[in-house]
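Descriptive structure summary
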Amino acid sequence: MAHVVNDSLVAFVRLATGGTVKLHAGDTVPAEADPAHVAGLVERGVLTEVKEPKGSRGSGGAGSSGDQS
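Source: prediction; values computed, not measured.

1. Re the overall build of the protein chain
On a plain count of helices and strands, the protein chain comes out with 2 helices and 4 strands. Secondary structure of the protein chain in N-to-C order comes out as β-β-β-α-β-α. Within the span of the protein chain, comprising 69 residues, buried residues form 25% of the whole. Long-range contacts, defined as pairs at least 24 residues apart, comprise 44% of the intrachain contacts of the protein chain with a sequence gap of at least 6. Accessible area of the protein chain: about 4,800 Å², with a carbon and sulfur share of 52%.

This is the structure in structure tokens:
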């Protein structure tokens, strides 16, 4: 599951590797975000959990090579 910043909000998300990243409304939380911090932001209504579309990763592999002609 992915998380996005809710409308009209800005989130400062802590990264598991250290540091933070500033995200604006509609931005997706990076995979390296601290899961506990993300959970807290969800509880406070800053972030919303969304399902990632099926095939969003790697779907362009085989099909895209034929489209380049």
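2. What to know about the nonpolar core
By size, the foremost hydrophobic cluster in this structure holds 10 residues: Val5, Ala11, Val13, Leu23, Val29, Ala33, Val38, Leu41, Val46 and Leu47. Every element with two or more residues in this core is listed here: strand E2 (10-14) and helix H1 (35-43). The residues touching Val13, leaving out its near neighbours within four places in the chain, are Gly19, Thr20, Val21, Leu23, Val29, Ala33, His37, Val38 and Leu41.

3. What to know about the confidence of the model for the protein chain
Across the protein chain, the average pLDDT comes to 85, with 75% of residues at or above 70. For the protein chain, helix H2 (residues 61-66) is the element with the lowest average pLDDT, namely 47, and strand E3 (residues 20-24) is the one with the highest, namely 98. Considering only residues more than four positions removed or in separate chains, one finds that residues 59-66, a stretch of pLDDT under 50, has 0 contacts.

4. Structural notes on unusual backbone geometry
Where the residue is not glycine, phi is negative for most of them; where a peptide bond is considered, it is trans in most cases. We note that Ser8 has phi near 65°; this positive angle belongs to a residue other than glycine. Within the fold, Ser8 resides in the loop between strand E1 (2-5) and E2. The class for Ser8 is exposed, based on a relative accessible area of 76%.

5. Some points on the environment of Gly45
Mapping Gly45 onto the fold places it in the loop between H1 and strand E4 (47-50). On the accessibility criterion, Gly45 (34% relative accessible area) is partly exposed. Spatially, the C-alpha atom of Gly45 lies 7.6 Å from that of Asn6, the residues being 39 residues apart in sequence. If we ignore the near neighbours within four places in the chain, the residues touching Gly45 are Asn6 and Leu9.

6. Focus: the pattern of salt bridges
Applying the stated criterion to the full structure yields 1 salt bridge. Residue Arg14 is joined to Asp34 by a salt bridge in which the shortest nitrogen-to-oxygen separation is 3.8 Å. You can see Arg14 sitting in strand E2 and its partner Asp34 sitting in the loop between E3 and H1, a full 20 residues away along the chain. Its relative accessible area of 41% is what places Arg14 among the partly exposed residues.

Rules of the game
In every chain, residue numbers begin from 1 and rise along the written sequence. Local features in this predicted model are restricted to residues of pLDDT 70 or higher, and side-chain atom pairs are both shown and tallied only at a pLDDT of 80 or more, whereas totals for entire chains, interfaces and linings draw on every residue. Side-chain measures were taken over the full set of non-hydrogen atoms in the model, leaving aside hydrogen atoms and water. We count a stretch as a helix when DSSP gives it H or I for four or more residues in a row; a strand needs E for two or more, and each element gets its number in order from the N terminus. When accessible area is computed with a 1.4 Å probe and restricted to protein chains, residues below 20% of their type maximum are described as buried, those above 50% as exposed, and intermediate ones as partly exposed. When checking whether two residues touch, look at their non-hydrogen atoms; a contact exists if any pair is within 4.5 Å. In these tables, accessible area is a Shrake-Rupley quantity obtained with a 1.4 Å probe, and a residue counts as shielded only by the protein chains included in the view. Take the buried Ala, Val, Leu, Ile, Met, Phe, Trp, Tyr and Cys residues and link them wherever side-chain atoms come within 4.5 Å; each set so joined is a nonpolar core. pLDDT expresses how confident the predictor is about each individual residue, on a scale running from 0 to 100. The salt bridge criterion pairs a side-chain nitrogen of Lys or Arg with a carboxyl oxygen of Asp or Glu, the two atoms within 4 Å.

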